[in-house]
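Fold and contact review
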Amino acid sequence: MPDFSVDPDIAKAKTIDAEFYTSKYVFEQCREKIFATSWQFIGHQELVKEPGDVYPFTLLSGYLDEPLLLTKDKTGQSNVLSNVCTHRGNIVAEKACKLNNLRCRYHGRLFGLDGKFVSMPEFKEVENFPSKDDDLPALPLFKWSNWLFTSLNPVYPPELFFRDMIERVSWMPLHQFRFQPELSRTFNVKGNWALYCENYLEGFHIPFVHAGLNAVIDFGEYATELFFPYSSLQLGLARNNENCFDLPASSPDYGKNVAAYYFWVFPNMMFNFYPWGLSVNVVEPVSVGECRVRFLSYVWDETKLEKGAGSGLDKVEMEDEEIVENVQRGVRSRFYQHGRYSVTREQGTHHFHRILAEFINK
């Protein structure tokens, strides 16, 4: 495997080696080195509203492919648990439901909604039983307002990923944002997950690819802010004060015509705040040359839907998909290995590549 290191000086740096997007071996390495050790989006807290609610889900289906359970126990505590019985490996819960306990239907092993072992038939003669190994493994749960996140093997605390975004939008009434499944979409893209992310991380292509978005965004004032170590922001300012946020004086952006906040959180999450609400984009690896992108809409003000930078998102997505798929074809060329960065326009992509190198070179 090549050394994927990227020079910290963007003016000198070459882009990450093209093998990152084309090698099946690298794709497999990313599973444990990047995705298993980072924080991943679960969904909104209303998945388990009341004590007794159980919600099974698969974390990054087809890649991490980890069967998990979100539960709310009798104390009102939310938990993320393994959905695999500690007896013989059966899936414990198969659909969202309301329960007093979790019972494996293979041999009847019983767990509390906190994952603790309760009982097991025909096990009286077993020595040194039960032990902690008989509990369902519990995973960390990070909660930010309405949204829940977990990690299979967290190397770093969630604050290093989410802190700057949380502080920047702390003035927003996030508790008022409501999930709108009818406005949400899933897109299948024939491109490596990292190519999709790096396309998102620069506004350099906006005038060339997104004519509609370019008409409302002031490209000359488009700015990227890097948050170290593991996130960044692209601030989209409007050409006029229409369809912008009504910012309070406490906001560091007060006085600006902010049309959109485009936050990225390593490795695969985008949080796009518009005056109408939030579009969460989760990029899910499928294969070395394919990814799945989920657009999840949380509406705050319905009267502002389909206005300004937050309008026509499906069209913008189609335009991005075409570019990413073309790039996937291009990076497979025997004549392409590296590119260079625009110092003024590709800071986000450079930042992303350096984090990729940090994780994959371990």
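Here the residue index of a chain counts from 1 through its sequence in written order. Totals for whole chains, interfaces and linings use all residues, but because this is a predicted model, local features are given only for residues with pLDDT of at least 70 and pairs of side-chain atoms are given and counted only at 80 or more. Processing note: side-chain calculations cover all non-hydrogen atoms of the structure and skip hydrogens and water entirely.

Going by an unreviewed UniProt entry, the chain carries the name Aromatic ring-hydroxylating dioxygenase subunit alpha and comes from Mucilaginibacter ginsenosidivorans. UniProt positions are given in the numbering used here, feature names are shortened, and annotations may be inferred rather than shown by experiment. Recorded in UniProt for the chain, the comment headed Cofactor (unreviewed entry) runs: "Fe cation".

Section: the environment of tryptophan 39
For the purposes of this entry, the term helix denotes a DSSP run of H or I that reaches at least four residues, the term strand denotes a run of E that reaches at least two, and both are numbered from the N terminus. Inspection of the secondary structure assignment puts tryptophan 39 in the loop between helix 2 (24-35) and strand 1 (40-44). Whether a residue is buried, partly exposed or exposed follows from its accessible area with a 1.4 Å probe, protein chains only, as a fraction of its type maximum: under 20%, in between, or over 50%, in that order. Using a relative accessible area of 4% as the deciding quantity, one classes tryptophan 39 as buried. Linking tryptophan 39 and alanine 18, residues 21 residues apart in sequence, is a C-alpha distance of 25 Å. Reaching out from tryptophan 39, the side chain makes a polar contact with the backbone oxygen of tyrosine 156 at a distance of 3.0 Å. Pairs of N or O atoms are called polar contacts if they sit within 3.5 Å, as long as, within protein, a hydrogen donor faces a hydrogen acceptor (for residues adjacent in sequence, only side-chain-to-side-chain pairs).

Some details on the state of the cysteines
We call a pair of cysteine sulfur atoms a disulfide whenever their separation is within 2.5 Å. Throughout the structure, instances matching the rule amount to 0 disulfides. Of all cysteine sulfurs, the one in cysteine 197 lies closest to cysteine 30, which takes part in no disulfide; the gap is 11 Å. Cysteine 291 provides the cysteine sulfur closest to cysteine 197, a residue in no disulfide bond, and the two sulfurs are 7.7 Å apart.

Digging into the sheet that holds strand 9 (residues 138-139)
By the convention used here, strands pair only if DSSP detects at least 2 bridges between them. Strand order in the open sheet formed by 5 strands is 5-2-3-4-9, and the pairing between neighbours is antiparallel. Each edge of the open sheet is held by one strand with a lone partner, namely strand 5 (97-98) and strand 9.

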